[in-house]
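Coordinates in review
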Amino acid sequence: QKEVEQNSGPLSVPEGAIASLNCTYSDRGSQSFFWYRQYSGKSPELIMFIYSNGDKEDGRFTAQLNKASQYVSLLIRDSQPSDSATYLCAVNRGRTGANNLFFGTGTRLTVIP
Amino acid sequence: DAGITQSPRHKVTETGTPVTLRCHQTENHRYMYWYRQDPGHGLRLIHYSYGVKDTDKGEVSDGYSVSRSKTEDFLLTLESATSSQTSVYFCATGEVYNEQFFGPGTRLTVL
C-alpha cells in the first residue's frame with residue numbers, strides 16, 4: 001500500500017463548477033497535510049495545508065480532513081481554466097523534525113471553458 | 001519560490017560519469033531537500049539536510065550523495081550516473097512543520 005494515494009485522473013470539469021480532488025494516506029499517525037499545484041513543466045507550489053479535522057477555506061479552495069477515515073480532499077469552487085494543472089497531495093508523518101513529506105502521484109485536472 | 005535557484009537547469013550526460021546538481025537559497029531556511037520526480041512515482045525524497053554538514057537519507061538515496069557546507073547551498077552528486085537516474089530533480093527548502101518551497105527543477109538525462 002502506498003503512503004499516499006490519489007486518483008491520477010484526468011478529472012475534467014466545466015468552467016464554474018466545483019472540482020473535488022481526493023487523497024488517502026496509510027499512516028494513521030500522520031500529522032499535517034498539504035496540497036500543491038503543479039503546472040506542466042513547472043515546480044510544485046503550495047495551495048494550502050491543514051492540520052486539524054474539518055474544513056479549512058482559503059478563497060476558492062477548501063481543504064477537508066478526516067483523520068478517522070485517513071482522507072483529505074481539496075475542493076475548488078468556481079473552477080477556472082487557469083486551475084488546469086496536476087494537484088499533489090502530501091503528508092507529513094511528523095516523526096522527525098525535518099518535515100519530511102510523502103507525496104501522492106497527483107491528479108490531473110482539466111477545466112473546460 | 002522562496003528565492004531558490006537550481007543549476008544547471010538542463011543536463012545531458014553519459015552513463016558512468018559523475019554529475020553534481022546545485023541548489024542555492026536566499027531565505028536562510030534551515031531545511032533543504034532533494035527530490036526526484038518520475039511519471040507514476042510522483043515526488044520522492046532523495047536526501048535532506050537539517051543544518052550545515054547535517055544530512056540524512058530519504059526514500060531513494062542509493063546512488064546519490066549530498067553535501068551542505070553553507071546554509072544557502074545544498075549539492076546533490078550522482079557518483080556514477082545510470083540511465084535509471086534520468087529524471088527531473090527538485091530542490092526544496094523549508095522550516096519545521098511549515099510548507100516546503102520548491103526550486104525550478106533540473107531536467108537530467110543520462111544516455
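Note: the structure precedes this text.
Keep in mind it's a predicted model, so treat the numbers as computed, not measured. (Residues numbered from 1 in each chain as written. Chains lettered and ligands numbered in written order. Predicted model: local features only at pLDDT ≥ 70, side-chain atom pairs only at ≥ 80, totals over all residues. Heavy atoms only, no water.)

A separate point is the packing of aromatic side chains. Evaluation of the coordinates by the stated rule reveals 14 aromatic pairs over all chains. Arranged with centres 5.6 Å apart and planes meeting at 50°, the rings of Tyr36(A) and Phe103(A) form a pair that is tilted. Of this pair, Tyr36(A) sits in strand S4 (residues 32–38) while Phe103(A) sits in strand S10 (residues 101–103), and the two are 67 residues apart along the sequence. Here Tyr36(A) and Phe103(A) have matching classes, each one buried. Members of the aromatic cluster, joined through ring pairs, are Tyr36(A), Phe103(A), Tyr31(B), Tyr33(B), Tyr35(B), Tyr48(B), Tyr50(B), Phe90(B) and Phe102(B). If you follow Lys56(A) out to its NZ or CZ, it ends over the ring of Phe49(A), 3.8 Å from the centre. The ring of Phe61(A) has Arg60(A) sitting right over it, with the charged end atom 5.5 Å from the ring centre. (Phe/Tyr/Trp six-rings, centres within 6.5 Å; stacked < 30°, edge-to-face > 60°. Helix = DSSP H or I, 4+ residues; strand = E, 2+ residues; numbered from the N terminus. Buried < 20%, exposed > 50% of the residue type's maximum accessible area, 1.4 Å probe, protein only. Lys NZ or Arg CZ within 6 Å of the ring centre and 35° of its normal.)

Residue and element names in this part refer to chain B. Across the sheet, four strands lie side by side as S1-S3-S8-S7; this open sheet has antiparallel pairing. Every interior strand has two partners, whereas the edge strands, strand S1 (4–7) and strand S7 (64–70), have only one. For this sheet, the mean angle separating the axes of adjacent strands, direction not counted, is 20°. Bridge count for strand S3 (residues 19–25) against strand S8 (residues 73–78) is six bridges, and the pairing is antiparallel. (Pairing = 2+ DSSP bridges. Axes fitted to C-alpha atoms, helices over the stretch in contact; angles between N-to-C directions.)

Before going further, it helps to spend a moment on the interface of chain B and chain A. With 20 residues of chain B at the interface, the matching set in chain A holds 23 residues. Linking chain B with chain A are zero salt bridges. The interface formed by chain B and chain A includes three residue pairs in polar contact (both at pLDDT 80 or more). Across the side of chain B that touches chain A, the residue classes tally to eleven nonpolar, seven polar and two charged. (Contact = heavy atoms within 4.5 Å. Salt bridge = Lys/Arg side-chain N within 4 Å of Asp/Glu carboxyl O. Polar contact = N/O pair within 3.5 Å; in protein donor to acceptor, adjacent residues only side chain to side chain. Nonpolar A, V, L, I, M, F, W, Y, C, P; charged D, E, K, R; others polar.)

Take the state of the cysteines next. Covalent bonding between the sulfur atoms of two cysteines defines a disulfide. Tallied over the full model, the rule gives two disulfides over all chains. The disulfide partner of Cys23(A) is Cys89(A), and the S-S distance across this bridge is 2.1 Å. Judged by the sign of its S-S torsion, about -70°, the bond between Cys23(A) and Cys89(A) is left-handed. Note that Cys23(A) is positioned in strand S3 (residues 19–25) and Cys89(A) in strand S9 (residues 85–92), a separation of 66 residues in sequence. Considered together, Cys23(A) and Cys89(A) belong to a single accessibility category, that of buried residues. Paired by a disulfide, Cys23(B) and Cys91(B) hold their sulfur atoms 1.9 Å apart. For the disulfide bridge between Cys23(B) and Cys91(B), the dihedral angle about the S-S bond is near -70°, and by the sign convention the bridge is left-handed. In this pair, Cys23(B) is assigned in strand S3 and Cys91(B) in strand S9 (residues 87–94), connecting sequence segments 68 residues apart. For the residue pair Cys23(B) and Cys91(B), the accessibility class agrees, reading buried in each case. (Disulfide = S-S within 2.5 Å.)

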